Amino acid sequence: MKYYNNILETIGNTPLVKINKITKDVKALVLAKVETTNPGNSVKDRMALQMIEDAEADGRLKPGGTVIEGTSGNTGMGLALACIQKGYKLICVLSDKQSKEKMDILRAVGAEVHVCPTNVEPDDPRSYYSVSKRLATEVPNSWYVNQYDNPSNTKAHYLTTGPEIWEQTEGKITHFVVGVGTGGTISGVGKYLKEKNPDIKIWGIDTYGSVFKKYHETGIFDENEIYPYITEGIGEDILPKNVNFDVIDKFEKVTDKDAAVYQRRLAKEEGIFVGNSAGSAIKGILQLKDELKEDDVVVVLFHDHGSRYVGKMFNDDWMRDRGFLDEEKVCAEDLIKD
Ligand code: PMP
């Protein structure tokens, strides 16, 4: 019989899928590493398990303990799966801009969910950074994960995602493109790929309202870059320790509207039903297409599943309210012309 001993064993070994229509004007071969086939439907299962197992190994997390994390949802889902298997309680602290689906999903897998306001300073006691840290001091036998600064986050991608991409492309990859939040994905995959071939370009996708691109280009942490935005999962108003700027060659910013429009195009034109940061990442490649040649092999990583966005980017009223639908009509007309 062929079976897995538990759901955690199904994490990783995700497929690499060619993008055909959206990238028709890009000379390079564009391949998507589609992370939705992980059991929690996101790439975050990989790092969640790594963070828990490393904390168990060095005694930070003890039997029967409570795991606490400030998470936008995907990490929470990964942590939940690991906590269920390993017998821990999980408390997730979310910001109120996260979709309701993400919160409901976390509750479905047994997590206790706390919701905090988004538009407050990170050091404000109401912010989700502050609330998670406070809970970690108040709840007995608890461990605060801190995916932003926890090195096991980057390590998971160095040990699994990076090698998978290298093997799946038979070492032919020339560019890796991915949205950046905690920085774990880009830093782990980037480090692994650069060790294999230092010529591989690592491009981070950022959003308007986030500090990464300016900091990378100037070394200045510019607070004027920080303002509210809609894009989910990427961009930050802090510099997480997991962002290794040394392995990143370039950041590209994509607008909220483009992220949503291209997320919908991935679903409608490629049948790839993925999250909002995937829309940012594919649009980022189109913005940088003049830097790509025919022989290039671009791998873009799609973090999570579209089902978490049915009340937002996949909802026409939500899109229309923000003036995001007009561009899609143009895209549809392009398609008819094709
Ligand atoms: N996209 C989504 C949907 C995410 O949840 C995250 C994690 N915040 C990212 C992209 C960014 O990944 P990372 O934290 O590894 O930089």
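Cut-offs applied
Residues numbered from 1 in each chain as written. Predicted model: local features only at pLDDT ≥ 70, side-chain atom pairs only at ≥ 80, totals over all residues. UniProt positions renumbered as here; feature names shortened; annotations may be inferred. Helix = DSSP H or I, 4+ residues; strand = E, 2+ residues; numbered from the N terminus. Rg over C-alpha atoms; globule rule 2.2 N^0.38 Å. Buried ≥ 20, exposed ≤ 12 C-beta atoms within 10 Å, placed from the backbone. Contact = placed C-beta atoms within 7 Å. Pairing = 2+ DSSP bridges. Near = placed C-beta within 6 Å. Nonpolar A, V, L, I, M, F, W, Y, C, P; charged D, E, K, R; others polar. Axes fitted to C-alpha atoms, helices over the stretch in contact; angles between N-to-C directions. Parallel < 35°, antiparallel > 145°, perpendicular 65-115°, else oblique. Left-handed = near helix turned anticlockwise from the far one by under 90°. Expected span 1.5 Å × (residues − 1).

If you check an unreviewed UniProt entry, the protein appears there as Cystathionine beta-synthase from Parvicella tangerina. Turning to the protein, the UniProt record has this under Cofactor (unreviewed entry): "pyridoxal 5'-phosphate". You can read under Sequence similarities (unreviewed entry) in the UniProt record for the protein the words "Belongs to the cysteine synthase/cystathionine beta-synthase family."

*Asks:* Is there a simple way to think about the overall build of the protein in this case?
*Replies:* Assigned secondary structure in the protein consists of 11 helices and 10 strands. Whereas a compact globule of 338 residues would reach a radius of gyration of roughly 20 Å, the protein reaches 19 Å, a difference of no more than 12%. Scored against the burial criterion, the 338 residues of the protein give a buried share of 50%. Residue pairs in contact within the protein that sit at least 24 positions apart in sequence constitute 72% of those at least 6 positions apart.

*Asks:* What am I meant to see in the pairing of strand β3 (residues 66-70) here?
*Replies:* Side-chain positions along a regular strand alternate between the two faces of the sheet. With four of five residues buried, β3 is to be regarded as a mostly interior element. Judged from the five bridges that link them, β3 and strand β4 (residues 89-95) form a sheet pairing that is parallel. For Glu69, the partnering residue across the bridge sits in β4 and is Cys92. Pairing of β3 with strand β6 (residues 142-144), which is carried by three bridges, proceeds in the parallel orientation. Note on β6: the bridge partner recorded for Ile68 is Tyr144.

*Asks:* Quick question: what am I supposed to make of the site of the ligand here?
*Replies:* By nearness alone, 17 residues border the ligand, and Gly181, Thr182, Thr185, Gly233 and Ser277 come closest of all. Grouping the constituent residues of the shell around the ligand by class yields three nonpolar, 12 polar and two charged.

*Asks:* I tried to follow the packing of helix α1 (residues 44-57) against helix α2 (residues 74-86) on my own but got confused; where do I start?
*Replies:* To describe two helices that pack against each other, one gives the angle between their axes and the distance between the axes. Here α1 crosses α2 at 50°, and the two axes come no closer than 8 Å. What the angle tells us is that α1 and α2 run oblique. In terms of crossing hand, the pair formed by α1 and α2 is right-handed. Where α1 approaches α2, its residues Lys44, Asp45, Met47, Ala48, Leu49 and Ile52 are matched on the opposing element by Asn74, Thr75, Met77, Gly78, Leu79, Leu81, Ala82 and Lys86. By residue class, the composition of the contact of α1 with α2 is eight nonpolar, three polar and three charged.

*Asks:* Would you take a moment to explain helix α6 (residues 184-196) for this structure?
*Replies:* Think of an α-helix as 3.6 residues a turn; residues three or four steps apart then line up on the same face. Taking 1.5 Å per residue, 13 residues should reach 18 Å; α6 reaches 18 Å between its end C-alpha atoms and fits that length. Within the span of α6, buried status applies to Gly184, Thr185, Ile186, Ser187, Gly188, Val189, Gly190, Tyr192 and Leu193.

*Asks:* For this particular structure, what's the right way to read the pairing of strand β10 (residues 297-302)?
*Replies:* When you tally the buried positions in β10, you get five out of six residues, the bulk of the element. Here strand β2 (residues 29-34) runs beside β10; their pairing, made up of six bridges, is parallel. Opposite Lys33, over in β10, you have Leu301 as the bridge partner. Relative to β10, strand β7 (residues 175-179) runs parallel, the two being bridged by three bridges. Residue pairing across strands places His175 opposite Val298, the latter belonging to β10.

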